[in-house]
Amino acid sequence: MKLVYVITILFIASFIIAGINLWGIRCKDLELREKIYAKRILEHQYANLQNDFKIRDIEREEVIENLQKENRSLKEKLFKENDIKGVIHFAAESHVDNSIKNPDAFIQTNINGTFNLIDVAFKSWMEAPSKIKSGYKDCRFHHISTDEVYGTLGETGYFTETTAYAPNSPYSASKASSDFIVRAYHHTFGMNITTSNCSNNYGPKQHNEKLIPHMIKQALEEKPLPIYGKGLNIRDWLYVLDHCKAIDLIFHKGKSGETYNIGGHNERNNITIVNKICEILDEKMPRKNGAKYSELIKFVEDRAGHDFRYAIDATKLETELGWKAEETFDTGIIKTIDWYLEKWGF
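Computed from a predicted model, the values in this text were never measured in an experiment.

### Thoughts on the overall build of the chain
Check the secondary structure of the chain and you find 11 helices and 13 strands. Of all 346 residues assigned to the chain, the portion counted as buried reaches 54%. Across the chain, every contact between residues at least 6 apart in sequence was considered, and the portion connecting residues at least 24 apart equals 84%. Accessible surface for the chain amounts to roughly 15500 Å². Of this, 50% is attributable to carbon and sulfur atoms.

### Remarks on the packing of helix α5 (residues 103-125) against helix α6 (residues 170-187)
One can describe the packing of α5 onto α6 by two numbers: an axis separation of 9 Å at closest approach and a directional angle of 15 degrees. Taken together, the axes of α5 and α6 lie roughly parallel to each other. The handedness of the crossing between α5 and α6 comes out as right-handed. Contacts from P103, F106, I107, N110, I111, T114, F115, I118, D119 and F122 in α5 reach P170, Y171, S174, K175, S177, S178, I181, V182 and Y185 in α6.

### Here's the deal with the state of the cysteines
Using the criterion set out here, one finds zero disulfides in the structure. C244 takes part in no disulfide bond, and the closest cysteine sulfur to it belongs to C198, at a distance of 9.9 Å. By relative accessible area, C244 is classed as buried at 0%.

### Points about the layout of surface pockets
Of the pockets and cavities examined, the second largest pocket occupies roughly 300 Å³. As for the second largest pocket, its lining consists of 15 residues, and the residues nearest its centre are E161, Y165, R183, G257 and T259. The set of elements that each furnish at least two residues to the lining of the second largest pocket consists of α6 and β7 (193-198). Considering every element that reaches the lining of the second largest pocket, the biggest residue donor is α6, with five residues.

### Here we look at the environment of C198
As for its position among the elements, C198 is in strand β7. Between the C-alpha atom of C198 and that of N261, which follows or precedes it by 63 residues, the distance is 5.8 Å. Among residues more than four places away in sequence, those in contact with C198 are S145, T146, D147, L238, H243 and I262.

Scoring rules and cut-offs
- Residues numbered from 1 in each chain as written.
- Predicted model: local features only at pLDDT ≥ 70, side-chain atom pairs only at ≥ 80, totals over all residues.
- Heavy atoms only, no water.
- Helix = DSSP H or I, 4+ residues; strand = E, 2+ residues; numbered from the N terminus.
- Buried < 20%, exposed > 50% of the residue type's maximum accessible area, 1.4 Å probe, protein only.
- Contact = heavy atoms within 4.5 Å.
- Areas by Shrake-Rupley, 256 points an atom, 1.4 Å probe, with all protein chains shown as cover.
- Axes fitted to C-alpha atoms, helices over the stretch in contact; angles between N-to-C directions.
- Parallel < 35°, antiparallel > 145°, perpendicular 65-115°, else oblique.
- Left-handed = near helix turned anticlockwise from the far one by under 90°.
- Disulfide = S-S within 2.5 Å.
- 1 Å grid on protein atoms, 1.4 Å probe; cavity = no way out; pocket = protein on both sides within 12 Å on 5 of 7 lines; lining within 4 Å.
- Points joined across faces, edges and corners; volume = space filled by probe spheres on them.

See below:
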């Protein structure tokens, strides 16, 4: 039986686990404090997502979640006891604001955590550099990264897989470091790895600290909607299900050692995003006082080192593997808001 190890903070990976029919999460056999998360995935997410996710069934594979990212001994135990033969590495500290307040957590999780995980995989699958153990020929380590490692763009241009790295925050610097660690294990040790760099994700189940869920929650609670600077910073928004479909393709069909950019072709600046949320909420959940949600917008001091624009060129992924983003921002944001309205009982 083939096992795939998904290391995750739940948002994006929860859709992978549910959407690609990965059954049999055996957390009851593992000493993980995160058992409840796996239980929630099985009971609630699969039924809601299986019909929406047009991804082939992966026969008799299992997924094991491990949120204890820095615990090397636990990783070693998981690989030894479960004969894991594939890793999809989602886990990361990923909020730039948090990386400014506490960069140490990002170094520990994103750099040290990635090293420990890929090194355990290497020792489990290979005898020595470029010498694969019998029965482990097709093992793959897929590493998920961000477009923020490329730095910032001006008004024009796009990030490609050959764009030079120029991270500007502790978060993006830690992710760039993890990317290089994974790259080194391919070129030095001959590991079968792939890497993907994605644009800003959004959709159901995202942590409330992120821009879109944060603005939805603030608006519904009649609280100010804080926007950095003048709200002109631009991001390329990628719906979570489109991202997961791309990961599935890369993990199974991507070329070993290659990097693939994943972007939604949905560039919006922050003020446009927030105004769109306000517009939808005006229609779905009008304020009791008759005012517009946009009246809650408050411009605040800009983030330190705030990158101006990110934009992904996903041509390589589209032409080589046939992927294409299916969700536009205008349709995806409605699905996202509807999910949060239901979650919070509105």
